Amino acid sequence: MRFGFLCKERGGARGRVAIVGAGPAGLAAAGYLACQGYEVDVYDKLPYPGGMMMFVIPSFRIPRDSIVEGVEDLEKRLSVKFVLKTKVFEGDDRHDEGDDFVERRVPLSKLVEEYDVVLITTGTWRSRSMGIEGENALGVVPALEYIYRWWLYEAKLTNEKPFIAKRVVVIGGGLAAIDAAEVALKRGAEEVFLVYRRTIREAPAGEYEIRRLVREGVNWIELAQPKRIVVENNVARGVEFVRMRLGEPDESGRPRPVPIPGSEFVIEADLVVPAIGEEPTPPMKSEVLGIKLDKRGRIVVDHEYRTGNEKVFAAGDVVTGPSMVGRATGSGLRAARAIDRFLRARLRTG
Amino acid sequence: MRTLRVINYDACIGCYTCEEVCRFLHEDRAYIKLYDVYGGLRKPISCFHCYTAPCVYACPTGAMHKDRDGATVVDPRRCIGCTCCIAACPFGIPELTPLGYVTKCDLCSDLRKQGLDPGCVAMCPAKAISWGSMEKVVESIRKRFLAKIMAPTIESVRETG
């Protein structure tokens, strides 16, 4: 992934840009801006750039050397600087997934002061909670964290052996659920259940991915919603589900799943992996420095990727909610072009 | 130099990076696009830049032509929007713009002029799109195939090592 694909050599633009978050949006923006000639510093809480592409998406989907080559090209050829293991946040900290490596904390306001522009591309690094009894028991591990820990272990970034289990229940119907179920299967689980509250036709991951996993040996159970985690001595022993039926379409246009009373059943498991979606993780808990968040925690931007703060732009999943590598990349590129326009206009008007 | 672009559909993860980069480079119009083939299985399609390109033969004004790298490109000044090329193309690639001329993938002419790779090739996270001289591209496909059939053998050596 050659983020600096737009130039042979750096251009002559002048200015300093800080990018917070080294995922696809941040790296694509870094490549664009460095090609223009700006001095670009990229901050990330993880020990290596790449974000989800490096630490969550399984390597059989994205080969890691593809990211490493692109990052090294940014560093060596385009003089982009990476400030890693550093969490940028304004106000009281919030624990997100992937925070384990943080060694330094920098307030966002400090970057806003020091740089000409700050671009926020911090993505969605929090698993949505299910809001059911027993959710905090041992043996309940959100999909993001589950996949991420396996990757850290296999990349030898930690000696801590990840969660190993014989019977794994994955809850959800998106790509994170698919990847978690596949990781479980490949790492020696005997039985893997993938449970979704609607049917295969509504599952965001799509029929193809689900059928592929069924062929690999995953048990697909549809029209079931978790009611509580069965816990013994604070350890998860299984999940109680209730059967669902499809009702009238909801706000998303998909049929709303409705519980069928008295249809409860339990699947025994020693590991429960909720994968019911990720939430935006902006570097603040609520409105700060003029940067506004919407009801779902996403940073509010205008069509030029500007936040309410003149010097702060935002792009990628932290603006759109969970999407895909390509969507985040496109968003980062467009934001970078907007930043370039902003800085050039400011230079002209002095 | 005659060049080839080949998409490895097994490696492609359907992430939209090629489409988004292309759209970014071409005034909001993507010349490589993903389509859902079956239940969320998405793959990109773009011009194959045929050696004997039916669109070039069909074009009555010479607007559709081959450039030095073998890319099939349109000269919008000569295009009359007759859509012959659209009828001739077996893959549904050329498109008529609202302004009345045809556009299609030009393998990023502007980037190639600077000695750079087309955007989709450079940015694919899965390294699924290769582009270059015929020799280079076929060699990479052959090596990929060999790595695939030898994988179990290599794996068994690694396990003992």
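Position numbers for residues start from 1 in each chain and track the written sequence from start to end. For naming, the first written chain is A and the first written ligand is 1, with later ones following in the order written. Since the coordinates come from a predicted model, pLDDT governs what is reported: local features require at least 70, and pairs of side-chain atoms require 80 or more to be given and counted, while whole-chain, interface and lining totals use all residues.

## Digging into the domain arrangement of chain A
Residues and elements named next belong to chain A. Segmentation into domains, and thus their bounds, comes from an automatic or database assignment. One can read the domain layout of chain A as domain 1 (16-125 + 278-349) and domain 2 (129-274). On a C-alpha basis, the centres of domain 1 and domain 2 stand 30 Å from each other. Taken together, the contact between domain 1 and domain 2 spans 7 residues of the former and 10 residues of the latter. Residues are grouped as follows: Ala, Val, Leu, Ile, Met, Phe, Trp, Tyr, Cys and Pro are nonpolar; Asp, Glu, Lys and Arg are charged; every other residue, Gly included, is polar. Here the side of domain 1 that touches domain 2 is composed, by residue class, of 4 nonpolar, 1 polar and 2 charged. A residue pair is marked as a contact if its C-beta atoms, positioned from the backbone, fall within 7 Å.

## Describing the interface of chain B and chain A
Taken together, the contacts link 23 residues of chain B with 22 residues of chain A. Helix and strand labels come from DSSP, where a helix needs a run of H or I of at least four residues and a strand needs a run of E of at least two; each type is numbered from the N terminus. Counting residues per element, the ones that place at least two in the side of chain B that touches chain A are α1 (17-25) and α5 (119-123) of chain B. Of the residues forming the side of chain B that touches chain A, the biggest block, 6 residues, is contributed by α1(B). Of the residues in the side of chain B that touches chain A, the class split is 12 nonpolar, 6 polar and 5 charged.

## Some remarks on unusual backbone geometry
Look at Leu223(A): it is not a glycine, yet its phi comes out positive at around 55 degrees. Along the chain, Leu223(A) turns up in the loop between β10 (219-222) and β11 (224-232). Positive phi is not limited to glycine here, since Leu107(B) has a value of about 50 degrees. Within the element layout of this structure, Leu107(B) appears in the loop between β7 (102-103) and α4 (109-113). Judged by C-beta crowding, with 24 C-beta atoms within 10 Å, Leu107(B) ranks as buried. Backbone-placed C-beta atoms define the burial measure: a residue is buried with 20 or more other C-beta atoms within 10 Å of its own, exposed with 12 or fewer, and partly exposed in between.

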